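Now for the letters of each chain:
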Amino acid sequence: RQLAELEDKPYSDFPGSLQTASITEVRPFQGHTRFVTGIAYFGDGRRAASVSNDSMLTIWDVQTRTPLQEIDTDHSLSALAISPDETIAAIAIEAKDCPIELRDLRSGKLIRTLRGHPDGRAVKLAFTPNGKRLVSSGYDHFVRVWDIDNRREERSFNVPVSSNPNITSLSP
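Predicted model only: the values in this text are computed from it and were never measured.

Cut-offs applied
Residues numbered from 1 in each chain as written. Predicted model: local features only at pLDDT ≥ 70, side-chain atom pairs only at ≥ 80, totals over all residues. Heavy atoms only, no water. Pairing = 2+ DSSP bridges. Helix = DSSP H or I, 4+ residues; strand = E, 2+ residues; numbered from the N terminus. Phe/Tyr/Trp six-rings, centres within 6.5 Å; stacked < 30°, edge-to-face > 60°. Lys NZ or Arg CZ within 6 Å of the ring centre and 35° of its normal. Salt bridge = Lys/Arg side-chain N within 4 Å of Asp/Glu carboxyl O. Buried < 20%, exposed > 50% of the residue type's maximum accessible area, 1.4 Å probe, protein only. Axes fitted to C-alpha atoms, helices over the stretch in contact; angles between N-to-C directions. Contact = heavy atoms within 4.5 Å. Polar contact = N/O pair within 3.5 Å; in protein donor to acceptor, adjacent residues only side chain to side chain.

1. Some points on the pairing of strand β10 (residues 110-114)
Two faces make up the sheet, and in a regular strand the side chains alternate between them.
Phase 1 of the analysis: Summarising the sheet, strand β9 (residues 100-104) and β10 pair through four bridges and their orientation is antiparallel. Counted as the bridge partner of leucine 102 is arginine 112 from β10.

The structure is reproduced here in structure tokens:
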């Protein structure tokens, strides 16, 4: 499938500071064979990562729109987050026990697996600014905070909503 670039535009119906992003396909990225389910840019703006239902974690050269690295996880993927130091990718797996894998971005190797959304896959992932914790939300209506070094869930919060809870970012 294709990835597209975001173009920031003011939302004309609401004057003031309200902004929205509209998606405009500028130049497509060609590579994934199924739906792209997560995208993250690296701090340098020259690289991006994407995950897909095709089991691939792909690192892209944004300028040339070519893959720099492709990691086959053997699982359909539903979410992605890149650690602040850009060494680890957290990816949510669509599998029976809905694990979250932490992968080394240099080698692609599995570092550790976090398990904690047994009743529904994780749909959003975000690292804390210091990279020591990962926050996940899932279809099980829980937001979970993970201690990365100790490979354990620190706490969880039930979010009783009619649809899935979607975290999009964290405030320092």
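From this point on, the discussion continues.
2. Overview of the packing of aromatic side chains
Phase 1 of the analysis: Taken as a whole, this structure holds zero aromatic pairs when the rule is applied.
Phase 2 of the analysis: The ring of phenylalanine 42 carries the charged tip of arginine 47 above its face, separated from the ring centre by 4.1 Å.

3. Quick look at the pattern of salt bridges
Phase 1 of the analysis: Counted according to the given criterion, the structure contains six salt bridges.
Phase 2 of the analysis: One salt bridge in this structure joins aspartate 44 and arginine 47, with 3.3 Å as the shortest N-O distance.
Phase 3 of the analysis: The class of aspartate 44 is partly exposed, set by a relative accessible area of 37%.
Phase 4 of the analysis: Overall, the relative accessible area of 25% leaves arginine 47 in the partly exposed class.
Phase 5 of the analysis: Between glutamate 153 and arginine 144 there is a salt bridge, with its nearest N and O atoms 3.2 Å apart.
Phase 6 of the analysis: On the basis of relative accessible area, glutamate 153 is assigned to the partly exposed category, the value being 30%.
Phase 7 of the analysis: Through salt bridges with shared partners, a single ionic network connects Asp44, Arg47 and Glu86.

4. A word on the pairing of strand β12 (residues 133-138)
Phase 1 of the analysis: Most of β12 sits out of view: five of its six residues are buried.
Phase 2 of the analysis: In terms of strand pairing, strand β11 (residues 122-127) meets β12 through five bridges, oriented antiparallel. Residue alanine 122 lies in a different strand from β12, and its bridge partner there is glycine 138.
Phase 3 of the analysis: Adjacent in sequence and paired antiparallel, β11 and β12 are bridged by five residues, among which glycine 131 carries a positive phi angle near 75°.
Phase 4 of the analysis: Relative to strand β13 (residues 142-147), β12 runs antiparallel, the two being bridged by five bridges. Looking at β13, one finds that leucine 134 is bridged to tryptophan 146.
Phase 5 of the analysis: Counting the residues that bridge the hairpin from β12 to β13 gives three residues, and of these histidine 141 lies at a positive phi of roughly 65°.

5. Overview of the sheet that holds strand β6 (residues 66-72)
Phase 1 of the analysis: Read from one edge to the other, the open sheet built from four strands follows the order β3-β4-β5-β6, with strand pairing classed as antiparallel. Because the sheet does not close on itself, it has two edges, and the strands there are β3 (36-41) and β6. With strand direction ignored, the average angle separating the axes of adjacent strands in the sheet is 20°.
Phase 2 of the analysis: Sheet analysis places strand β5 (residues 56-61) next to β6, joined by six bridges and oriented antiparallel. From the neighbouring strand, isoleucine 59 faces β6, where its bridge partner is glutamine 69.

6. Some points on the environment of threonine 73
Phase 1 of the analysis: Structurally, the position occupied by threonine 73 is in the loop between β6 and β7 (76-82).
Phase 2 of the analysis: Judged by relative accessible area, threonine 73 falls into the buried class, the value being 3%.
Phase 3 of the analysis: The spacing of threonine 73 and valine 51 is 22 residues in sequence and 9.9 Å in space, taken between C-alpha atoms.
Phase 4 of the analysis: With residues near it in sequence (within four places) discarded, threonine 73 still touches Ser55, Ile91, Glu101 and Arg103.
Phase 5 of the analysis: Within the structure, threonine 73 has its side chain in polar contact with the backbone oxygen of histidine 75 (distance 3.2 Å).

7. Some words on the sheet that holds β12
Phase 1 of the analysis: The sheet built from four strands is open, its strands ordered β11-β12-β13-β14 with antiparallel pairing. The open sheet has two edge strands with one neighbour each: β11 and β14 (152-158). On average, each strand axis in the sheet is inclined to that of its neighbour by 20°, with strand direction left out of account.

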